[in-house]
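Chains, contacts and geometry: an overview
Now for the letters of each chain:
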Amino acid sequence: MTLQNRRILLVDDMPTIHDDFRKILCPQAPAKSALEATRAALFGDDPPKATTATAAFELDSAYQGQEGLAKVQASLREGRPYAMAFVDMRMPPGWDGVETIEHLWRADPRLQVVICTAYSDTSWDEIFQRLDARDRLLILKKPFDNVEVRQLAQALTTKWQMTQQAALQIDSLEAAVDERTHKLTQANEALQAEIAERKHLEAQLVQQEKLASIGQLAAGVAHEINNPIGYIFSNVGTLEGYLEDLFRMLDAYEQTPAALPLRPLREELQIGYLKDDVPSLMRETKEGVRRVRQIVQDLKDFSHVDSLQEWQVVQLHQGIDSTLNVVGSELRYKADVVKEYGAVPEIECLSSQINQVVMNLVVNAAHAMGERRGRIVIRTGSADGEAWFEVADDGSGIPKDVLPRIFDPFFTTKPIGKGTGLGLSLSYGIVQKHQGRITVDSEIGRGTTFRVTLPLRRSAAAPTVAEALAA
């Protein structure tokens, strides 16, 4: 693309100067002589063509600085800017040349300018004190030479054209660079997103393997503990019956005369106290054994060792209760747990993974309490074919600038060594795999509420993490 701009503005208060410039820059083509016309008619010669000098410049005139400014502004509005301007130094009673140039450059900084002056007292130093001339300003001393004027006009209009051409090329290059940078940025973002997704899936796979290990451990622990607990519970029940019989026998014996010599020994051994305390001890022992059996059963329910990767229809409340029992030691000294259960039908899910979500949210809520004892409320409900549960705490809350990142893998606000940053990320992935939603509402100093919403039935078979990684 070649830019052609031969437009020149002359700003001078002397009309004769305008005539001189027009003769120099816009010469008329010479008239044909009679001899040339006759030769062309007789011999068929082509008429002489205009020289390059005749294909000259487009010259506009202004007689004061204000008029010159108006013409420059009009040319810009029309999209036909001037390439250069010849400006007289002294134009009473209006602006002088320097003031005129200041206004012209404010309107069009690209304008090339030649100052025309006949006064020797005007120097470059004086001009540079007022103008940021750079390379757009030249001085032409009067009286000027015709060739010098033509050369200045030719050089400065060509310079304007080359400057504009270079600017267009730079803009084109910048646009190409921006486009390529944008494409590279998009490709990089897509790559980073894929890497993050793969890391997330790998973390889920690791977590599922951990759950499988926990399940296997729970199965072994349950098997090893249930057997001795079974016969301990049975023996305690039998022992309780034996003791009742012994105490009955002792009561009957104490009614006979033969028991009278043993009364001092009876009082020394506190037989009366033992008769009251032993049944209480037996009840507490049986309750302790029951609690051990329940802990083992809750651990099995939490891990669902027999069907770790199987979708099942389960009771949500049962899973929450078993999870709370498993993490009871984590909560006992940090918060009071309040259950506000609503009516929730059975849901289809990977129960061990939903239990993992409950555990992560409850443990995080306990950690949010800090040094003081707090309160954790677990609510449930259902509506429109979905079930939901909430874990709400009255802890420190989450800052607004942190909220958008809490589900990012490996992001944590805990000190080094106190957290992996995977709990909420894995919970988010589990809920997404169940085609559900997890939302959070938090206020500094007031606490945080996480809500997990799950469909009662999945609409299509969801892939396992291993299948997703393989894809």
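Residues numbered from 1 in each chain as written. Predicted model: local features only at pLDDT ≥ 70, side-chain atom pairs only at ≥ 80, totals over all residues. Heavy atoms only, no water.

Let us look at the environment of isoleucine 406. With respect to the secondary-structure elements, isoleucine 406 resides in the loop between β10 (386-393) and α12 (423-433). In this structure isoleucine 406 comes out as buried when scored by relative accessible area, which is 7%. It is 9.9 Å that separates the C-alpha atoms of isoleucine 406 and tyrosine 428, two residues lying 22 residues apart in sequence. (Helix = DSSP H or I, 4+ residues; strand = E, 2+ residues; numbered from the N terminus. Buried < 20%, exposed > 50% of the residue type's maximum accessible area, 1.4 Å probe, protein only.)

Our next topic: a nonpolar patch on the surface. A grouping of Tyr253, Leu262, Leu265 and Leu269 is seen on the molecular surface, where their side chains present a nonpolar patch of about 340 Å² in accessible area. Among the structural elements, leucine 265 can be located in helix α7 (residues 263-269). (Patch = residues over 30% accessible without salt bridge, like charges linked within 9 Å, V, L, I, M, F, W, Y side chains within 5 Å. Areas by Shrake-Rupley, 256 points an atom, 1.4 Å probe, with all protein chains shown as cover. Salt bridge = Lys/Arg side-chain N within 4 Å of Asp/Glu carboxyl O.)

The next thing to look at is the packing of helix α3 (residues 65-78) against helix α4 (residues 97-107). The geometry of α3 relative to α4 is characterised by a closest axis approach of 9 Å and an angle of 10° between their N-to-C directions. Taken as axis vectors, α3 and α4 run roughly parallel relative to one another. Residue-level inspection shows Gly65, Gly68, Leu69, Val72, Gln73 and Leu76 of α3 in contact with α4, the latter providing Thr100, His103, Leu104 and Ala107. In the contact of α3 with α4, the residues fall into five nonpolar, five polar and no charged. (Axes fitted to C-alpha atoms, helices over the stretch in contact; angles between N-to-C directions. Parallel < 35°, antiparallel > 145°, perpendicular 65-115°, else oblique. Contact = heavy atoms within 4.5 Å. Nonpolar A, V, L, I, M, F, W, Y, C, P; charged D, E, K, R; others polar.)

Taken residue by residue, the protein gives an average pLDDT of 79. The fraction at 70 or more is 77%. In this model residues 50-54 is a low-confidence stretch, pLDDT under 50, and it forms three contacts with partners more than four residues away in sequence or in other chains. (pLDDT = per-residue confidence, 0-100.)

With that out of the way, let us pick up the sheet that holds β10. Strand order across the open sheet formed by five strands is β7-β9-β10-β12-β11, with mixed pairing between neighbours. The open sheet terminates on both sides in strands that have one partner only, identified here as β7 (335-340) and β11 (437-443). Each neighbouring strand pair of the sheet contributes to a mean axis angle of 15°, computed without reference to strand direction. Note that β10 and strand β12 (residues 447-455) share eight bridges and pair antiparallel. (Pairing = 2+ DSSP bridges.)

With that out of the way, let us pick up the packing of helix α11 (residues 351-367) against α12. Taken N-terminus to C-terminus, the directions of α11 and α12 make an angle of 145°; their axes are 9 Å apart at the nearest point. Like other packed secondary-structure pairs, α11 and α12 cross with a definite hand, here left-handed. From α11, Gln353, Ile354, Gln356, Val357, Asn360, Leu361 and Asn364 reach across to α12, where they touch Gly423, Leu424, Ser427, Ile430, Val431 and Lys433. Among the residues forming the contact of α11 with α12, the class breakdown is six nonpolar, six polar and one charged. (Left-handed = near helix turned anticlockwise from the far one by under 90°.)

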